[in-house]
Amino acid sequence: MTVNTYLNFGGNCADAFHFYEQHLGGKILSLFTQGQMPPGGPPIAPEMNDKVMHARLAIGETIIMGSDVPPDHFQPIRSTYLCLSLDNDSEAERIYGLLSEGGEIYMPMAETFFASRFGQLRDRFGVSWMVIHEKPMGA
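Residues numbered from 1 in each chain as written. Predicted model: local features only at pLDDT ≥ 70, side-chain atom pairs only at ≥ 80, totals over all residues. Heavy atoms only, no water.

(A) Focus on helix α1 (residues 13–23). Burial in α1 covers these residues: C13, A16, F17, F19 and Y20. Each buried residue of α1 lies within a common arc of 160° when the element is viewed along its axis, so the set occupies one face. The outward face of α1, more than 90 degrees from its buried face, is lined by the exposed residues D15 and Q22. In this structure, the buried side of α1 is in contact with β1 (5–9), β2 (27–33), β3 (52–59), β4 (62–68), α2 (89–100) and β8 (128–134). (Buried < 20%, exposed > 50% of the residue type's maximum accessible area, 1.4 Å probe, protein only. Helix = DSSP H or I, 4+ residues; strand = E, 2+ residues; numbered from the N terminus. Arc of directions from axis to C-beta. Contact = heavy atoms within 4.5 Å.)

(B) Fine view of the environment of G97. For G97, the location among the structural elements is in helix α2. Since its relative accessible area comes to 33%, G97 is described here as partly exposed. Between the alpha carbons of G97 and H23 there is a distance of 11 Å; along the sequence they are 74 residues apart.

(C) Spotlight on the nonpolar core. Core analysis: the largest hydrophobic core is formed by 28 residues, its most contacted members being F9, F17, Y20, L99, V127 and W129. Elements represented by at least two residues in this core include exactly β1, α1, β3, β5 (82–85), α2 and β8. The greatest single-element share of this core, amounting to five residues, is contributed by α1. The contacts of W129, once residues within four sequence positions are left out, are Y20, L24, Y81, L82, L84, L99, G119, Q120, L121 and D123. (Core = buried A, V, L, I, M, F, W, Y, C linked by side-chain atoms within 4.5 Å.)

(D) Focus on the pattern of salt bridges. Following the criterion strictly, the structure yields four salt bridges and no others. Residue E91 is joined to R94 by a salt bridge in which the shortest nitrogen-to-oxygen separation is 2.8 Å. In this pair, E91 and R94 both sit in helix α2, three residues apart, roughly one turn of the helix. A relative accessible area of 39% means that R94 is categorised as partly exposed. Residue K135 is joined to E111 by a salt bridge in which the shortest nitrogen-to-oxygen separation is 2.9 Å. With K135 in the segment after β8 and E111 in the loop between β6 (104–110) and β7 (115–122), this residue pair connects regions lying 24 residues apart in the sequence. (Salt bridge = Lys/Arg side-chain N within 4 Å of Asp/Glu carboxyl O.)

(E) Spatial organisation of the sheet that holds β1. Across the sheet, four strands lie side by side as β1-β4-β3-β2; this open sheet has mixed pairing. Single-partner strands in this sheet number two, and they are β1 and β2. Each adjacent strand pair in this sheet contributes to an overall mean axis angle of 15°, direction not counted. Here α1 sits on the sheet in contact with β1, β2, β3 and β4, set at roughly 10° to β3. (Pairing = 2+ DSSP bridges. Axes fitted to C-alpha atoms, helices over the stretch in contact; angles between N-to-C directions.)

(F) Quick look at the layout of surface pockets. Size it by volume and the largest pocket reaches roughly 270 Å³. Forming the walls of the largest pocket are 18 residues, and the residues nearest its centre are I59, G60, C83, L84 and S85. Those elements giving two or more residues to the lining of the largest pocket turn out to be β4, β5 and α2. When residues of the lining of the largest pocket are assigned to their parent elements, the largest contribution, four residues, is made by β5. (1 Å grid on protein atoms, 1.4 Å probe; cavity = no way out; pocket = protein on both sides within 12 Å on 5 of 7 lines; lining within 4 Å. Points joined across faces, edges and corners; volume = space filled by probe spheres on them.)

Listed below in structure tokens is the structure:
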């Protein structure tokens, strides 16, 4: 069994996935628009034609899926975070800086008792992230 994360966006799913592909080392595995649906499916509002119906992105060994929903149905993620674990402080700082640009910082990047770098934010696409470089912990 596999559990994957599925994200809804308010019209910018393709932009988000291309950003994550470029800056997080991800790879878009598929990206289909509403307008690419075969005939006979549910009717599509014309303004949704070029919006994402389904996309898959691999980041490391994790698969993230996503789609666009009509903007009046979209709500940013509130209680769930995607957590990026990085191998060093400089990479954690770099990724945090990229994701926080144009977004909302919840917790500035800092040292904590459990991590040499840890921060929380919502990116400009509405996705909440934790970025961490954990300290080695004893058993």
